[in-house]
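Structural description and commentary
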Amino acid sequence: MSFVAFNYGANVIAFRKKGVNYGMTCAWAMQVDYDKILCLMGSQSVSGHAICKGDIIGVSALSDKQEDISFKFGTNHSDSFDKFDDVLYTIDEGAILIDGACNMMKCVVIDVLHLEGIEEDNLVYLRIIDSKINDNSSFYQFKK
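Residues numbered from 1 in each chain as written. Predicted model: local features only at pLDDT ≥ 70, side-chain atom pairs only at ≥ 80, totals over all residues. Heavy atoms only, no water.

For helix H2 (residues 67-75), the complete set of buried residues consists of Ile 69, Ser 70 and Phe 73. Looking straight down H2, one finds its buried side chains confined to an arc of 105°; they lie on one side. Facing away from the buried side of H2 by more than 90 degrees, the exposed set consists of Asp 68 and Thr 75. (Buried < 20%, exposed > 50% of the residue type's maximum accessible area, 1.4 Å probe, protein only. Helix = DSSP H or I, 4+ residues; strand = E, 2+ residues; numbered from the N terminus. Arc of directions from axis to C-beta.)

Written out as structure tokens, the structure reads:
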């Protein structure tokens, strides 16, 4: 017997900080209010460790045509591999937004939380500052 609660999309969390580009694929992201998002970033994430309260970051909900980008940003660490090579993107106040994504959101980090049971991980609480929707695409969803 197999149980699947829901399908989830692939989001690239990306930003430039102190001249360094950081980026990762984050499947564990959800909207919790009209302008708020929660993202869970694992303890192994270089990007997750670089994020601090007050940072401006990009959240790009990838389209179904961007599976390769999802794997590129989800496979290696930002400090050992240039994930942005051959990827079209826009930088807005430090937020890196992936061109062609279904939804590109510039966000400010409200807080980085470490809750009981996931103390080593980063639960990043974001407020959406601005967003752009690409009406010509559909969301990419991870497949089993």
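The tally for this structure, following the rule as stated, stands at 5 salt bridges. A salt bridge links Lys 36 to Asp 35, with the nearest nitrogen and oxygen atoms 2.9 Å apart. For Lys 36, a relative accessible area of 15% translates into the label buried. Of the residues examined, Asp 35 reaches a relative accessible area of 28% and is grouped as partly exposed. Between Asp 64 and Lys 65 there is a salt bridge; the shortest N-O distance is 3.8 Å. Among the residues examined, Asp 64 registers a relative accessible area of 36% and is labelled partly exposed. Given a relative accessible area of 65%, Lys 65 falls into the exposed group. Three or more residues joined by partner-sharing salt bridges are found here, namely Asp 92, Glu 93 and Lys 106. (Salt bridge = Lys/Arg side-chain N within 4 Å of Asp/Glu carboxyl O.)

Functional significance is not addressed by these values, which are geometric in nature.
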